[in-house]
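These are the residues of each chain, in order.
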Amino acid sequence: MCPTFSRRGLRQNLGLRFLRDVVIGTTTGSWGTTTGSANIVDSAQADPTASGEQLYQRHWLRLLGSVGFIQDLRVASFNTGSGAFFAAQTLATTIYSGMPFEVHALLSPSEKDRALDDAIRDVRYQEEVPIWAIDAGAVYTLPASVLDVIEAKYYSTPLGSLTRGEGALRWYDFESTGSGPELRISPSLSQSQQLIIDAILCPTLGAGDLATVNLPSEDWVLAGAAARCFWLLEARSPGQETGQYKEKRREMARLATGLAARFTPHYSRRIMLDRPY
């Protein structure tokens, strides 16, 4: 089973480890909602020696909650003495002490989320998927994440860990239909048996900030997302900065390609003849 990662964790690691443009903090005070003036204070970010340097100006601040992210704000100014972020927007909720937040410098958190989605769509991994057999059933609907089936077998007594017998199906066929992927087998199994498919899967990450996804390698996805982020920065930057972002894009693309070669499944399959009847 591949490790599980959350959207929030992937986005934060993308900024911390690959783009180096994220600050993660928690508030050290509580405030009610105010009209046209958001005030987020984290005393741990205070740095009086940086007075007058306009730190974090026009950065993106994302407020985080226990069930997902709450609101994105654009930082208008930062008080280096108190660690207060100010934004000319209305807070969507009351700020409580200990509320987590992220500050992004190069790209907004929503753009990083989209880069992660694009990178995850390119991932493929191999994993066994168990399906309880249907008595005399010859057609099984598979999860949408299944792109191909490499092998199909069954356990005759799946609940008996010492006595269960394993066998390969005589014939199977994988089909992509209008209603989703299907597996067709012969002969059919009994209800007490368990069907096991060795499948090629494409992971999907839900839209929620705390949505999770199984991945064979976190760095594979982060490198691919970083390459897309640097491509955006390259396209939007003035001429003197384009070369710097182009080199970083190429570096991340090389890393993603190398990890893809390492983690992409390599397999062989049995040759299926005509379906036996």
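What counts, and where the lines are drawn
- Residues numbered from 1 in each chain as written.
- Predicted model: local features only at pLDDT ≥ 70, side-chain atom pairs only at ≥ 80, totals over all residues.
- Heavy atoms only, no water.
- Phe/Tyr/Trp six-rings, centres within 6.5 Å; stacked < 30°, edge-to-face > 60°.
- Buried < 20%, exposed > 50% of the residue type's maximum accessible area, 1.4 Å probe, protein only.
- Helix = DSSP H or I, 4+ residues; strand = E, 2+ residues; numbered from the N terminus.
- Lys NZ or Arg CZ within 6 Å of the ring centre and 35° of its normal.
- Core = buried A, V, L, I, M, F, W, Y, C linked by side-chain atoms within 4.5 Å.

Draft legend 1. Main features of the packing of aromatic side chains. This structure, assessed with the given rule, holds 6 aromatic pairs. With 4.7 Å between their ring centres and 45° between their planes, phenylalanine 78 and phenylalanine 85 make a pair best called tilted. A residue is classified by how much of its surface remains accessible, and phenylalanine 85, at 2% relative accessible area, is buried. With centroids separated by 5.7 Å and ring planes inclined at 65°, the aromatic side chains of phenylalanine 85 and phenylalanine 101 adopt a geometry described as edge-to-face. Taken together, the positions of phenylalanine 85 in strand β7 (residues 84-87) and phenylalanine 101 in strand β8 (residues 100-104) put the pair 16 residues apart, joining distant regions of the chain. Ring pairs connect the aromatic residues Tyr56, Phe78, Phe85 and Phe101, which therefore count as one cluster. Above the plane of the ring of phenylalanine 69 lies arginine 62, whose end atom (NZ or CZ) is 3.7 Å from the centre.

Draft legend 2. Examining the nonpolar core more closely. Leu10, Leu14, Leu142, Val149, Leu183, Leu195 and Ile197 are the most contacted members of the largest nonpolar core, which has 51 residues in total. It is helix α3 (residues 218-236) that contributes the most residues to this core, 11 residues altogether. Counting 15 residues, the second largest nonpolar core, distinct from the first, contains Ala38, Tyr56, Phe85 and Ile95.

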